[in-house]
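Coordinate inspection notes
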Amino acid sequence: MQGIDWDEIVRLVADGVEMSAGDRVSVFVTDVSVMDAAAALVEEGWRRGAVVQVIATDERFDASALRWAQPDTLAQAPALEAAAMEWSNVHVSFRAMVNPVVDADPERIAALRHGRGIVSTMRWKGTRWALVRVPTPAWAQAMSLDPGELMAEWSASFDANWPEAASRMQVLCDRFASARTAVIEDEWGTLELGVEGRTWVPFSGKANWPDGEIATAPVEDDISGRIRFPGVFSFGGVKVEDLEFEFEGGLIVKENAADGLAFVRKLLDGDKGARRVGELGVGTNSALKQMTGDLLIDEKILGTVHIALGRAYPECGGVNTSALHWDIVKDLRGTGGAPQGSFRIDDEWLIRDGVVQPVLSEVAVPRSSR
């Protein structure tokens, strides 16, 4: 990954998690392609007086587990990863986008995701954390994207005055403090999500990189209607295409997909909180343009909205618990043959007929250079 200024990027990441002297920092690395990033963070951490330890959670090792381990073993938290969360008070994961599709049984992959979800819950509860999702040429090729364009957008997405952006996003979040309902709609269907009494929070240069969104936790039993996510994306190494949900009383009562349906159902049946929505988010990063098929990047794209099934952000007032936290992105811009859509909070449109409205574009990042 030539041309990437990892020193600058890891300074942003370290600032975001407020890394300082005395911190115990665990670092997970999912592929050798991001080892330079990990090395830069290790250097920065020790320079700040933190104690930094690295674990190779290379996704190639998962292939062996998926091939030989039983589902009940896969569903357990990996012991070393769990121990790292218990030891550390700061955590950073560098997650390379390598292979969007894993050749394994969907039931086993769903079990593996459940085990990793336990570790994620420990991370959320016990550390100041950041995930850095990093594209690779292999991912670009698999998803029919231009590698140069993908990396250029990704690099540009970091280039913002993040404290200033957080202030602007906070103003918008405060504006919706008394909101009652959020609505996502297109020609296929309408989904209404109750948000009364919930807190909107800006995500701006803290936990997820690339960053840039505002989000809340919808009222768990006040979601109804249906929603469709056209196109192809990858989650946990499984390709999912044209995913559809129908909600009643906050619960998914019907699901469908052109591809990956068996995997989807295994995830939804993983625990009692998996069929409920834990998050509603709106992307605010204008440097990101093209849908990549990777949910952690696509959810930040200006002109998209996303829901996350499962675990809710407690800082947003959410109470849903689950080992699952599955962000699923809906592009409302009408790109790639998908229909244009709209998103509003009460009577205020943030995206209308595929067009981002001024109330949302005014808080977009990047707005100015660092």
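Here the structure is shown first, and the text comes after it.
Residues numbered from 1 in each chain as written. Predicted model: local features only at pLDDT ≥ 70, side-chain atom pairs only at ≥ 80, totals over all residues. Heavy atoms only, no water.

**Quick notes on the overall build of the protein chain**
Of regular secondary structure, the protein chain possesses 12 helices and 18 strands. For the protein chain, the C-alpha radius of gyration of 19 Å lies close to 21 Å, the compact-globule estimate for 370 residues. Taking the principal axes of its C-alpha atoms as reference, the protein chain extends roughly 50 × 50 × 40 Å. Sorting the 370 residues of the protein chain into buried and exposed places 56% on the buried side. Expressed as a percentage of contacts within the protein chain between residues at least 6 apart in sequence, the contacts between residues at least 24 apart total 73%. Carbon and sulfur atoms make up 49% of the accessible area of the protein chain, which totals about 15100 Å². Of the side chains in the protein chain, 37 bear a positive and 56 a negative charge, and the two mean positions are spaced by 2 Å. (Helix = DSSP H or I, 4+ residues; strand = E, 2+ residues; numbered from the N terminus. Rg over C-alpha atoms; globule rule 2.2 N^0.38 Å. Buried < 20%, exposed > 50% of the residue type's maximum accessible area, 1.4 Å probe, protein only. Contact = heavy atoms within 4.5 Å. Areas by Shrake-Rupley, 256 points an atom, 1.4 Å probe, with all protein chains shown as cover. Lys, Arg positive; Asp, Glu negative; His and termini not counted. Charge placed at Lys NZ, Arg CZ, Asp CG, Glu CD.)

**Observations regarding a nonpolar patch on the surface**
Together, W46, V51 and W87 line one region of the surface with nonpolar side chains, adding up to about 270 Å² of accessible area. Along the polypeptide, V51 turns up in strand β2 (residues 51-56). Of the residues examined, V51 reaches a relative accessible area of 34% and is grouped as partly exposed. (Patch = residues over 30% accessible without salt bridge, like charges linked within 9 Å, V, L, I, M, F, W, Y side chains within 5 Å. Salt bridge = Lys/Arg side-chain N within 4 Å of Asp/Glu carboxyl O.)

**Examining unusual backbone geometry**
Here the residue pair W209 and P210 is connected by a cis peptide bond, since its omega of -5° sits within 30 degrees of zero. Inspection of the secondary structure puts P210 in the loop between β8 (208-209) and β9 (213-216). Look at the link from V365 to P366: it is a cis peptide, with omega at -5°. Mapped onto the secondary structure, P366 falls in the segment after α12 (358-361). Even without being a glycine, S144 presents a positive backbone phi close to 60°.

**A closer look at the sheet that holds strand β14 (residues 304-310)**
Within a sheet, each strand pairs with its neighbour through backbone hydrogen bonds, oriented either parallel or antiparallel. Pairing is antiparallel across the open sheet formed by five strands, whose spatial order is β7-β9-β13-β14-β15. Edge positions in the open sheet fall to β7 (201-203) and β15 (325-331), since each of these has one partner strand only. Strand-to-strand twist in this sheet, taken as the mean axis angle between neighbours without regard to direction, amounts to 25°. With seven bridges joining them, β14 and β15 adopt antiparallel strand pairing. What sits directly across from T304, in β15, is D331. Most of the contacts of helix α9 (residues 162-175) go to β7, to which it runs at about 155°, and overall it touches β7 and β9. (Pairing = 2+ DSSP bridges. Axes fitted to C-alpha atoms, helices over the stretch in contact; angles between N-to-C directions.)

**Overview of the packing of aromatic side chains**
A full pass over the atoms with the stated rule returns 13 aromatic pairs. Here the aromatic rings of F158 and W209 are separated by 5.4 Å at their centres, their planes lie at 0°, and the arrangement is stacked. Here F158, found in the loop between α8 (147-156) and α9, pairs with W209, found in strand β8; they are 51 residues apart in sequence, far enough to count as distant. Judged on exposure class, the residue F158 and its partner W209 are both buried. Taking the centre distance of 6.3 Å and the plane angle of 70° together, the rings of F229 and F245 count as edge-to-face. Remark: F245 occurs in strand β11 (residues 238-248) and F229 occurs in strand β10 (residues 223-235); sequence separation between them is 16 residues. As far as the burial class goes, F229 and F245 line up, both buried. Among the aromatic residues, those joined into a ring-pair cluster are W6, W154, F158, W162 and W209. Its end group placed over the ring of W188, R226 keeps NZ or CZ at 4.0 Å from the ring centre. The ring of W349 carries R344 above its face, with NZ or CZ at 5.7 Å from the centroid. (Phe/Tyr/Trp six-rings, centres within 6.5 Å; stacked < 30°, edge-to-face > 60°. Lys NZ or Arg CZ within 6 Å of the ring centre and 35° of its normal.)

**Quick word on the side chain of R198**
Of note, R198 is situated in the loop between β6 (190-194) and β7. A distance of 3.1 Å separates the side chain of R198 from the backbone oxygen of A217, its partner in a polar contact. (Polar contact = N/O pair within 3.5 Å; in protein donor to acceptor, adjacent residues only side chain to side chain.)

**Looking at the side chain of T121**
On the secondary structure map, T121 appears in helix α6 (residues 106-126). The class for T121 is buried, based on a relative accessible area of 17%. Leave out the neighbours within four places in its chain, and T121 touches R311, S322 and A323.

So far we have only geometry, and geometry alone does not tell us how the molecule works.
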